[in-house]
Amino acid sequence: MQHAIAGILPTATTPTPTPTPAVDPNLVSPGVVGFLFTALIAIAVIFLVWDMMRRIRRGRVRADIQEQLDAEEQAARATEATDVDDQRIDAADDDDRGEKPKA
């Protein structure tokens, strides 16, 4: 058992060399210019989303108003048609009673 431990210890204590970085981290970072570019893109996206939501909201309101106008127009037509039908029915009832229309 001692031989096994003695065989493992020398390999475990030998340090492994670490490579030194060949690239300067300051040269490959985006820096201030990269930060400003990213910030401008983020601000542009925020304004575009805000404008899109405003336009969608405006479209929904216009669609709701159009639906209300269509419903009111349809109700007016139905009322008008009912009035005309009532007049026709009343005229037909007068003819059925034996009264002759005067010429």
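As the structure is a prediction and not an experimental result, all values here were calculated from the model.

Enquirer: Is there a simple way to think about the overall build of the protein chain in this case?
Expert: Scanning the protein chain from N- to C-terminus turns up three helices and zero strands. Across the protein chain, helices and strands are ordered from the amino to the carboxyl terminus as α-α-α. The buried share of the protein chain, reckoned over its 103 residues, is 0%. Counting only carbon and sulfur atoms, one obtains 64% of the accessible surface of the protein chain, whose full area is about 10,000 Å².

Enquirer: What is the right way to look at the pattern of salt bridges in this model?
Expert: Two side chains carrying opposite charge are able to pair once their charged atoms lie near each other. Within this structure, the stated rule accounts for three salt bridges. We note a salt bridge from Arg54 to Asp51, for which the minimum N-O separation is 2.5 Å. Placement of the pair is Arg54 and Asp51 together in helix 3 (residues 31-96), with a separation of three residues, close to one helical turn. On the accessibility criterion, Asp51 (21% relative accessible area) is partly exposed. Among the salt bridges present, the one from Glu73 reaches Arg77, with a minimum N-O distance of 2.5 Å. Linking Glu73 with Arg77, this pair stays in helix 3, spanning four residues, or about one helical turn. Exposure remark for Arg77: the relative accessible area of 57% places this residue in the exposed category. Counted as one network, the salt bridges with shared partners bring together Asp51, Arg54 and Arg55.

Thresholds, definitions, all that
- Residues numbered from 1 in each chain as written.
- Predicted model: local features only at pLDDT ≥ 70, side-chain atom pairs only at ≥ 80, totals over all residues.
- Heavy atoms only, no water.
- Helix = DSSP H or I, 4+ residues; strand = E, 2+ residues; numbered from the N terminus.
- Buried < 20%, exposed > 50% of the residue type's maximum accessible area, 1.4 Å probe, protein only.
- Areas by Shrake-Rupley, 256 points an atom, 1.4 Å probe, with all protein chains shown as cover.
- Salt bridge = Lys/Arg side-chain N within 4 Å of Asp/Glu carboxyl O.

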